[in-house]
Amino acid sequence: MDIRRITKIKGGQDGAIFGKYLFRLGHKGVGQVYDLDIIESAKEDSETCQIAEFTLDRADIICPHSNSVAFGNEYFDANDEFPLLYSNIYNNYAKEEKKLKGVSCVYRLQRDRNEFKTTLVQLIEIGFTEDVSLWKASEEKDGARPYGNFAIDVEKGTYYAFVMRSEERGTPYFAFDLPKLADGEIDKIYGVKKVVLTPNDIKNSFVCPEHHYIQGACCHGGLIYSLEGFRNSPALRIIAPQEGIQKAFIPFSEHGIIEETELIDFRGDECFYGDCHGVLYKLKF
């Protein structure tokens, strides 16, 4: 793998690319929008590539950590510019009674010139986060990060959920049909439809070696690209879900990169990667 530093954007969590726009989200529901055409022409570190900032709808009531972020393949309205945007709760409610493990928020994203706004339109929940045979690390306790990440294969219409369990039990992946916007029942608290994915909804599952503190993730070309690690241990795993195997494990330290991983996505066949401080790179495999 070759890695090339491009520029500096604002630090944060994961993000997603659609067209020429890079959307980076933070753990408090605030996101920034960058024009990749401007980024490509940037000659030095600069946050002037940012063209807008927005706050996720109802972030005061339900706020994703945005540990994983992705666009789907369905549009709220046929005239919308962007498909639905997905962001997961992850560990934002780890200290609350209702931890919202395995929950992702779905948003309609709209643009008026350089102003962007979101509307919460759906929730997706993994309905077996307390099941020791599938998700939970043991009867007695959760794994280090029981909240779960996701990745979306837009071409296949597949929603992948995965979670850290333990070194011994590895990281299981579960494939589901990506829920449609019309699916689910109205949630009485949030007033939008919520889809609860059950074991009966699993289309395929497999277990990979334990991922060490999962970060951003994306799908491209039928593969899942999953980031992990903190400072001094950042790495990338490339997963082949059709084969149910891990194809590659790439420590970033081998390339002189030691900061915490966060963001990964593709524009065409170009892979963009960002660390927690906002340093943006291109990866070439």
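Our subject is the structure listed above.
Attention in this report is confined to the structure presented alongside it. Only a predicted model underlies this, so the values are computations on that prediction, with no experimental measurement involved.

Rules used in this analysis
Residues numbered from 1 in each chain as written. Predicted model: local features only at pLDDT ≥ 70, side-chain atom pairs only at ≥ 80, totals over all residues. Heavy atoms only, no water. Core = buried A, V, L, I, M, F, W, Y, C linked by side-chain atoms within 4.5 Å. Buried < 20%, exposed > 50% of the residue type's maximum accessible area, 1.4 Å probe, protein only. Helix = DSSP H or I, 4+ residues; strand = E, 2+ residues; numbered from the N terminus. Contact = heavy atoms within 4.5 Å. Pairing = 2+ DSSP bridges. Axes fitted to C-alpha atoms, helices over the stretch in contact; angles between N-to-C directions.

Moving on, we come to the nonpolar core. Within the largest apolar cluster, 26 residues are counted, with the highest numbers of intra-cluster contacts made by Phe 23 and Phe 116. Where this core is concerned, the elements lending two or more residues are strand 3 (21-25), strand 5 (50-55), strand 6 (69-71), strand 8 (103-112) and strand 9 (115-126). No other element matches strand 8, which puts 4 residues into this core. Residues contacting Phe 23, with those up to four places away along its chain left out, are Asp 14, Gly 15, Ala 16, Gln 32, Val 33, Phe 54, Phe 71, Phe 82, Leu 109 and Phe 116. Judged by nonpolar contacts, the second largest core, of 22 residues, contains Ile 126, Phe 176, Leu 181 and Leu 197.

On to the sheet that holds strand 17 (residues 223-228), then. The sheet built from 4 strands is open, its strands ordered 16-17-18-19 with antiparallel pairing. At either margin of the open sheet sits one strand with a lone partner, and together these are strand 16 (214-220) and strand 19 (245-251). Direction aside, the axes of adjacent strands within the sheet are offset by 20° on average. Bridging between strand 17 and strand 18 (residues 235-240) involves 5 bridges; their strand directions are antiparallel. Counterpart to Glu 228 in the pairing with strand 18 is Ala 235.

This next bit is on the pairing of strand 10 (residues 149-153). Burial runs high along strand 10: 5 of the 5 residues are buried. Side chains Asn 149, Ala 151 and Asp 153 project from strand 10 onto one buried face, and the interleaved Phe 150 and Ile 152 project onto a second face that is buried too. By the bridge criterion, 5 bridges tie strand 10 to strand 11 (residues 158-162) in an arrangement that is antiparallel. Paired with Phe 150 across the bridge in strand 11 is Ala 161.

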